[in-house]
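Close look at the chain arrangement
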Amino acid sequence: MPSTAQYLGFIVASLILILIPGPSVMFTVSRALAYGRTQAVLTAWGNAIGTFAAATLAAVGLGALIQESALAFAIVKYAGAAYLVFLGVKALRDRKGLMAGPEDEAGSPKRALATMAEGFVVGMLNPKTILFFLAILPQFINAEGGSATVQMLLLGATFAVLAAACDTVWGLVASAARDVLRRPRPKLILSRTGGTALIGLGIAAAAGERA
């Protein structure tokens with residue numbers, strides 16, 4: 001396992017990156033504006049599980065394919081971008097969901113699972129996350145601490161939990177703005193803003209270049 005110093009160093013490095021608003025934060029905030037608090041939190045944790053899945057891919061070596069192959073990188077990038085645009089369009093068209101009251105916000109267990117699944121797909125289809133794991137995690141692997149794969153999974157899980165906690169805070173703050181404006185028209189404007197932001201995030205992801 002990583003030494004205590006390595007593990008604490010990884011936590012600090014992760015928090016520095018996580019606290020800088022990026023696609024994950026924008027995604028959660030957009031869902032908060034579109035659907036409210038509960039779905040924002042579910043989105044954040046679904047995204048975190050997807051992020052851990054990306055760490056798993058990196059740990060078993062599949063991430064190296066994305067790092068080395070321009071085609072593989074492009075496939076993952078455009079698939080993730082297309083999915084964000086799809087969710088944005090869905091949010092703009094889902095008038096019933098957009099106008100749901102606080103008592104309707106949580107929805108059924110099926111809706112909760114669907115929300116987490118959407119976050120999962122976005123988190124997993126983020127090629128930059130996989131590349132981050134490939135570039136950063138190895139620096140915190142203890143050569144004498146056993147299996148490097150197990151250590152990468154531990155660090156990946158730590159990163160995912162930290163990201164989920166921070167994204168949850170962002171989602172709660174954004175949903176508070178939505179809850180303050182309970183009248184239909186302001187709420188609809190905020191909801192449309194969330195859907196539009198998702199579409200913009202998808203377009204930005206598609207236009208982004210490999211680091």
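For the structure, see preceding data.
First things first, this report covers the structure right here in the doc. (Residues numbered from 1 in each chain as written. Predicted model: local features only at pLDDT ≥ 70, side-chain atom pairs only at ≥ 80, totals over all residues. Heavy atoms only, no water.)

1. Re the pattern of salt bridges
One pass over the full model with this rule turns up one salt bridge. Where Glu-118 meets Arg-31, a salt bridge forms, and the shortest distance between an N and an O atom there is 2.8 Å. Of this pair, Glu-118 sits in helix α7 (residues 109-124) while Arg-31 sits in helix α2 (residues 23-35); the two residues are 87 residues apart in sequence, bridging distant segments of the chain. Given a relative accessible area of 7%, Glu-118 falls into the buried group. A relative accessible area of 2% places Arg-31 in the buried class. (Salt bridge = Lys/Arg side-chain N within 4 Å of Asp/Glu carboxyl O. Helix = DSSP H or I, 4+ residues; strand = E, 2+ residues; numbered from the N terminus. Buried < 20%, exposed > 50% of the residue type's maximum accessible area, 1.4 Å probe, protein only.)

2. Some points on the packing of helix α3 (residues 37-60) against α7
The geometry of α3 relative to α7 is characterised by a closest axis approach of 6 Å and an angle of 45° between their N-to-C directions. With respect to α7, the element α3 is oriented oblique. Here α3 and α7 pass one another in a crossing that is right-handed. The segment α3 lies against α7, with Gln-39, Leu-42, Thr-43, Trp-45, Gly-46, Asn-47, Ile-49, Gly-50, Thr-51, Ala-53 and Ala-54 engaging Arg-111, Ala-112, Thr-115, Met-116, Gly-119, Phe-120, Val-122, Gly-123 and Met-124. Partitioned by chemical class, the residues of the contact of α3 with α7 number 10 nonpolar, nine polar and one charged. (Axes fitted to C-alpha atoms, helices over the stretch in contact; angles between N-to-C directions. Parallel < 35°, antiparallel > 145°, perpendicular 65-115°, else oblique. Left-handed = near helix turned anticlockwise from the far one by under 90°. Contact = heavy atoms within 4.5 Å. Nonpolar A, V, L, I, M, F, W, Y, C, P; charged D, E, K, R; others polar.)

3. Concerning α2
In this model, α2 (13 residues) spans 18 Å end to end at C-alpha, consistent with the 18 Å of a helix rising 1.5 Å per residue. Within the span of α2, buried status applies to Val-25, Phe-27, Thr-28, Ser-30, Arg-31, Ala-32, Leu-33, Ala-34 and Tyr-35. Looking at the residues trailing α2, positive phi occurs at Gly-36, about 110°. (Expected span 1.5 Å × (residues − 1).)

4. Here's the deal with the environment of Val-161
The topology assignment puts Val-161 in helix α9 (residues 148-180). Residues Val-161 and Phe-52, 109 residues apart in the sequence, show an inter-C-alpha distance of 8.8 Å.

5. Considerations on α7
Compared with an ideal rise of 1.5 Å per residue, which puts 16 residues at 22 Å, α7 spans 22 Å between its outermost C-alpha atoms and is within 8% of the ideal. All of the buried residues in α7 are Ala-112, Thr-115, Glu-118, Gly-119, Val-122 and Gly-123. In an axial view of α7, the angular spread of the buried residues amounts to 135°, which keeps them on one side of the axis. Facing away from the buried side of α7 by more than 90 degrees, the exposed set consists of Pro-109, Lys-110 and Leu-113. (Arc of directions from axis to C-beta.)

6. Let's talk about the packing of aromatic side chains
What the rule picks out here adds up to two aromatic pairs. Ring geometry for Phe-10 and Phe-140: centres 5.5 Å apart, planes at 75°, overall edge-to-face. Remark: Phe-140 occurs in the loop between α8 (127-136) and α9 and Phe-10 occurs in helix α1 (residues 4-18); sequence separation between them is 130 residues. Classification of Phe-140 as buried rests on a relative accessible area of 14%. (Phe/Tyr/Trp six-rings, centres within 6.5 Å; stacked < 30°, edge-to-face > 60°.)

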